[in-house]
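Coordinate inspection notes
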Amino acid sequence: HRRPRALSGIQPTAGSFHLGNYLGAVRQYVALQETHDAFYMVVDLHAITVPQEPAALRANTRLAVAQLLAAGLDPERCTLFVQSHVPEHAQLGWVMNCLTGFGEASRMTQFKDKAAKQGADRATVGLFTYPILQVADILLYQADAVPVGEDQRQHIELTRDLADRFNTRFGDTFTVPAPHIVKEVAKIYDLQDPAIKMSKSASTPKGLINLLDEPKATAKKVKSAVTDTDTVIRFDPAEKPGVSNLLTIYSTLTGRTIAELEKEYEGRMYGALKTDLAEVMVEFVTPFRARTQEYLDDPDTLDVILARGAEKARAVAAGTLAAAYDRIGL
Ligand code: ADP
Ligand code: NA
């Protein structure tokens, strides 16, 4: 019996992954390599739903791959590729477009948020249908599990609906996937405004931890994180969202439980927690930056990894697309 399949994708954003991407998604990618037949891709077709400068997009795609490798993805144990290298994504994406209701697509909150940021006249039809391309991304690999942060839950629901719809209408073709969301880290909050999630687009620079920033700058951001006017270090997301966010980050990066940390910081000040977490963060990002740079400095190796990844991905994707086309009468 084959292992269960996992599939996920991450955008080639400018500069660097942020801490929310890493804790909410990429760490789970690394863990699932051990238990799943795992497929991970850099979703450059999704990136062009908003304006991109060609040279920057190309560089950011490679930077994203380098970061995934630096984070611990091993091309011997997973399939790592770039979305546009596998043309079946766009092809099955079209099929899924034709299966989705206009109203159904209009209800996607990520689209609404992103379109609002672009302005009504500038938002593209590609941005409108990107959740449907994501459906195709997942179904092509017959994925059982999709490691993502909380913000992607609605898209996985859409994926399940469309897989069911296709299977009912045309015969059993697609695996109906489930989201793999690790509750504790599904939503990492902005360091300056713990009411919003940490994100490239909504966070201010001080609230956003970019993994590739200067470690000193990162330490400074942690030390100036917003907490509250109380002094007790206790995990209580409703009453103490800032402190709780710091405890979540601390616990995940060190493998120590929240209860252990609460005990260690009993009777101590917020400053002590922040200083120690700043150090933990520096210890994490320093080697991460160095490893990322090593991959960037070796473009030939990166090319080989991506060529092999695309070949392995296509072998699966082409089979699924052929089956789907056949069912539909194409
Ligand atoms: P972004 O959400 O910043 O635009 P992506 O869409 O490429 O970035 O997201 C990559 C992954 O990171 C997704 O699985 C998403 O759910 C996850 N993610 C993004 N922000 C956070 C966050 N603040 N906390 C937890 N996970 C997050
Ligand atoms: Na997202």
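Residues numbered from 1 in each chain as written. Chains lettered and ligands numbered in written order. Predicted model: local features only at pLDDT ≥ 70, side-chain atom pairs only at ≥ 80, totals over all residues. Heavy atoms only, no water.

**Describing the packing of aromatic side chains**
Under the counting rule described, the total for this entry stands at ten aromatic pairs. Between F81 and Y141, the aromatic rings sit 5.7 Å apart at their centres with planes inclined by 45°, giving tilted as the arrangement. A residue pair is termed long-range when its members are at least 10 positions apart, and F81 in strand β3 (residues 79-82) and Y141 in the loop between α7 (125-139) and β4 (145-147) qualify at 60 residues. One exposure class covers both F81 and Y141, and it is buried. (Phe/Tyr/Trp six-rings, centres within 6.5 Å; stacked < 30°, edge-to-face > 60°. Helix = DSSP H or I, 4+ residues; strand = E, 2+ residues; numbered from the N terminus. Buried < 20%, exposed > 50% of the residue type's maximum accessible area, 1.4 Å probe, protein only.)

**Focus: the site of ligand 1**
Within the structure, ligand 1 sits among 17 residues, and H18, G149, D151, I188 and M198 are positioned closest to it. At 3.1 Å, a side-chain N or O of H18 approaches an oxygen atom of ligand 1. Separating an oxygen atom of ligand 1 from a side-chain N or O atom of N21 is a distance of 3.2 Å. Considering each element in turn, the shell around ligand 1 owes the most residues, four residues, to helix α1 (residues 19-32). Split into classes, the residues belonging to the shell around ligand 1 amount to seven nonpolar, seven polar and three charged. (Near = heavy atom within 4 Å. Polar contact = N/O pair within 3.5 Å; in protein donor to acceptor, adjacent residues only side chain to side chain. Nonpolar A, V, L, I, M, F, W, Y, C, P; charged D, E, K, R; others polar.)

**Side note on helix α6 (residues 109-118)**
Regarding α6, the residues found buried are Q110, F111, A115 and Q118. Down the axis of α6, the buried set is contained in an arc of 125°. They therefore lie on one face. Away from its buried face by more than 90 degrees, α6 exposes A116 and K117. Here the buried face of α6 lies against α7 and α8 (153-170). Trailing α6 by a residue or two, G119 shows a phi angle of about 95°, which is positive. (Arc of directions from axis to C-beta. Contact = heavy atoms within 4.5 Å.)

**With respect to the packing of helix α4 (residues 88-97) against helix α13 (residues 299-328)**
Running from N to C, α4 and α13 cross one another at 25°; their axes reach a closest spacing of 10 Å. When the axis of α4 is compared with that of α13, the two are roughly parallel. Crossing of α4 over α13 shows left-handed handedness. Contacts from E88, Q91, L92 and V95 of α4 reach α13 at R314, A317, A318, L321, A324, Y325 and I328. (Axes fitted to C-alpha atoms, helices over the stretch in contact; angles between N-to-C directions. Parallel < 35°, antiparallel > 145°, perpendicular 65-115°, else oblique. Left-handed = near helix turned anticlockwise from the far one by under 90°.)

**Considerations on the pairing of β3**
Of the two faces of β3, both are covered, the one formed by T79 and F81 as well as the one formed by L80 and V82. Judged from the four bridges that link them, strand β2 (residues 37-42) and β3 form a sheet pairing that is parallel. From the neighbouring strand, M41 faces β3, where its bridge partner is F81. (Pairing = 2+ DSSP bridges.)

**Quick look at the UniProt feature "binding site: L-tryptophan" (unreviewed entry) in the protein**
UniProt's entry tags D137 with the feature "binding site: L-tryptophan" (unreviewed entry), counted in the numbering of this structure. Apart from the residues lying within four places of it in its own chain, the contact partners of D137 are L7, M41, V43, H46, Q83 and H89. A polar side-chain atom of D137 sits 2.8 Å from a polar atom in the side chain of H46. (UniProt positions renumbered as here; feature names shortened; annotations may be inferred.)

**Structural notes on unusual backbone geometry**
Notably, Q142 is not glycine yet its phi reads approximately 55°, a positive angle. Note that Q142 resides in the loop between α7 and β4.

**Here we look at the coordination of the sodium ion (ligand 2)**
At the metal site, the sodium ion (ligand 2) is ligated by D151 (OD) and Q152 (NE2), and these contacts range over 3.0 to 3.1 Å. Assessed through its relative accessible area of 28%, D151 is described here as partly exposed. (Donors = N, O, S within 2.8 Å, 3.2 Å for Na, K, Ca; no water.)

**Structural notes on the pattern of salt bridges**
Per the counting criterion, the structure on display carries 18 salt bridges. Note that D303 is salt-bridged to R62, the shortest N-O span being 2.8 Å. Of the two residues, D303 sits in helix α13 while R62 sits in helix α3 (residues 54-71), which places them 241 residues apart along the sequence. Assessed through its relative accessible area of 40%, D303 is described here as partly exposed. Notably, a salt bridge pairs D276 with R268, separated by 4.0 Å at the nearest N-O pair. Take D276: its relative accessible area is 23%, and that puts it in the partly exposed class. (Salt bridge = Lys/Arg side-chain N within 4 Å of Asp/Glu carboxyl O.)

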